Every structure is written in C-alpha cells, then in structure tokens.
Amino acid sequence: MTRDGQDPRSAAAAALRRLGHALVAHDADPELLWRVAEAAESVAAEVERRPRRQRDVAAAVQRLWQTPPADGARMSHYSGCVVSGAANPLGIGVEVRRDGDEAVADLRFGPAFEGAPERVHGGAVAAVFDDVMGYVLVLLGVPAYTGRLTVDYRAAVPVDTPLQVRARLAAREDRKLWMRASLRPAGGDEILAEAEALFIAVPVERLLAQSRR
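Residues numbered from 1 in each chain as written. Predicted model: local features only at pLDDT ≥ 70, side-chain atom pairs only at ≥ 80, totals over all residues. Heavy atoms only, no water.

Points about the packing of aromatic side chains
Right, on to step 1. In the structure shown here, the tally under the stated rule is one aromatic pair.
Right, on to step 2. Relative to Phe 113, the ring of Phe 109 has its centre 6.2 Å away and its plane inclined at 70°; by these criteria the two rings are edge-to-face. Each member of the pair, Phe 109 as well as Phe 113, carries the same accessibility label: buried. (Phe/Tyr/Trp six-rings, centres within 6.5 Å; stacked < 30°, edge-to-face > 60°. Buried < 20%, exposed > 50% of the residue type's maximum accessible area, 1.4 Å probe, protein only.)

See below:
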C-alpha cells in the first residue's frame, strides 16, 4: 500500500531519521522527551508483535548481480542497509546512481552523525565510502566482501552540507578488486576525504548457500 506514491516502510524510516536528528540537534523540555520515549516504546512494542521479516537473497542476487543498472539509474542493494537503505531508520540517507563506470552518491549528514562540533564522525564517513564502493561491484556484476578499507581524512566534513562521493574500480587481479573513492562538497572541487579498499570476490553460489543456513 502506498500513500501519495510513498512506500510506507520507507516513509516510517524517514520520519524516524528526522526525529533522531531533531533529538540530537534541538533542546526539548523533559515532558516532551518523556512523550517521545513513551510513544516510541509503545509503537516499538506493537511492531515487535508482528512476524520477523525474511530477506529474499535469491531475488536480490538476481537483481543485483545479473542485471546491471542503466547509466544514470538510481541504485539500491538493500532497502534496510544502514548506509543507503531508504527503509532503515538508522540510515544515513545516501542516494546512489550510476555514472558510467562510477557509483556516485549524493548525501547530507544530519546532526545525529556529528563527531566533533559541526563535523561528521569519521566512522560515518568510512561507512559511506565502504557502501558506495559496494555499488561499483553491482556495476561490475561481481559480489565481493570488503577485505581492507583505508581512509585519508584531508579536511573536516561538515554536518548538514550537500556532499558527493564518487567511487570506481582502480584495478583487478583475479578475485582481488581495488577501489578508490573521494568525498567532496556537492558541486565543489575540494577533496574532504579519500579512500582505498580491497574487495575479495565470492561466487554467487556461495551467497545463496549462506542464505539457506
């Protein structure tokens, strides 16, 4: 069921992300905070009484690794992903698209991801790099796991600022895939952070076997 063209699970997650950022960024009197806590506990208890969801790994394998997206198309590898999943209330809210051989992510870190005052936590930056590099694997049609990720933080990453990440394949040798990515202000040239990573390819059959355990 949709309302105004929205997916209800994604809409619920977006509302909860907004609430999380609001709680971090704004003052509120104790009475309001108790209302938030009580409402959240009540709704959580109701949701928890419902059956647990099961991920359809076979369908995901078909969609991700056998049908590469068209150039310019939006990409989503898992709606519950903590970085780019629209249906994850703890997510960062990253929107990823294909640009030729690169995966490009547009994002804005909200206040909940603040580390030092008005600066994004370095761990959140690293998570975005890892996730966007993973979308390059989708372009290649090669499932793989992260073996190593190195981040060079060149400047402070500001909170509540439009940003862009670009990731691409740098080299490949058998099962080893080396990725590179950069983070810049949207429309800007200054590199705020760069990353290099090594991914290890795995057979699709292995992913399917793990999902059956």
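Back to the text.
Considerations on the side chain of Arg 17
Right, on to step 1. Its location among the elements puts Arg 17 in helix α1 (residues 8–25).
Right, on to step 2. At 3.3 Å, the side chain of Arg 17 forms a polar contact with the backbone oxygen of Ala 86.
Right, on to step 3. Here Arg 17 is in contact with Gly 85, Ala 86, Asn 88, Pro 89 and Gly 91, once residues within four sequence places are set aside. (Helix = DSSP H or I, 4+ residues; strand = E, 2+ residues; numbered from the N terminus. Polar contact = N/O pair within 3.5 Å; in protein donor to acceptor, adjacent residues only side chain to side chain. Contact = heavy atoms within 4.5 Å.)

Thoughts on the side chain of Ser 182
Right, on to step 1. Following the sequence through the fold, Ser 182 ends up in strand β6 (residues 176–185).
Right, on to step 2. Here Arg 184 takes part through its side chain, which lies 2.8 Å from a polar atom of the side chain of Ser 182.

What about the environment of Val 202?
Right, on to step 1. For Val 202, the position within the fold is in the loop between β7 (193–201) and α5 (204–211).
Right, on to step 2. In this structure the C-alpha to C-alpha distance between Val 202 and Val 142, which are 60 residues apart in sequence, comes to 7.7 Å.

Some details on the layout of surface pockets
Right, on to step 1. In this model, the second largest pocket occupies a volume close to 280 Å³.
Right, on to step 2. For the second largest pocket, the lining is made up of 17 residues, of which Arg 17, Ala 86, Gly 93, Val 94 and Glu 95 are closest to its centre.
Right, on to step 3. Put simply, the parts of the chain that give the lining of the second largest pocket at least two residues each are α1, β1 (74–75) and β2 (95–99).
Right, on to step 4. Top contributing element to the lining of the second largest pocket by residue count: α1, with four residues.
Right, on to step 5. For the lining of the second largest pocket, a count of residues per class yields six nonpolar, six polar and five charged. (1 Å grid on protein atoms, 1.4 Å probe; cavity = no way out; pocket = protein on both sides within 12 Å on 5 of 7 lines; lining within 4 Å. Points joined across faces, edges and corners; volume = space filled by probe spheres on them. Nonpolar A, V, L, I, M, F, W, Y, C, P; charged D, E, K, R; others polar.)

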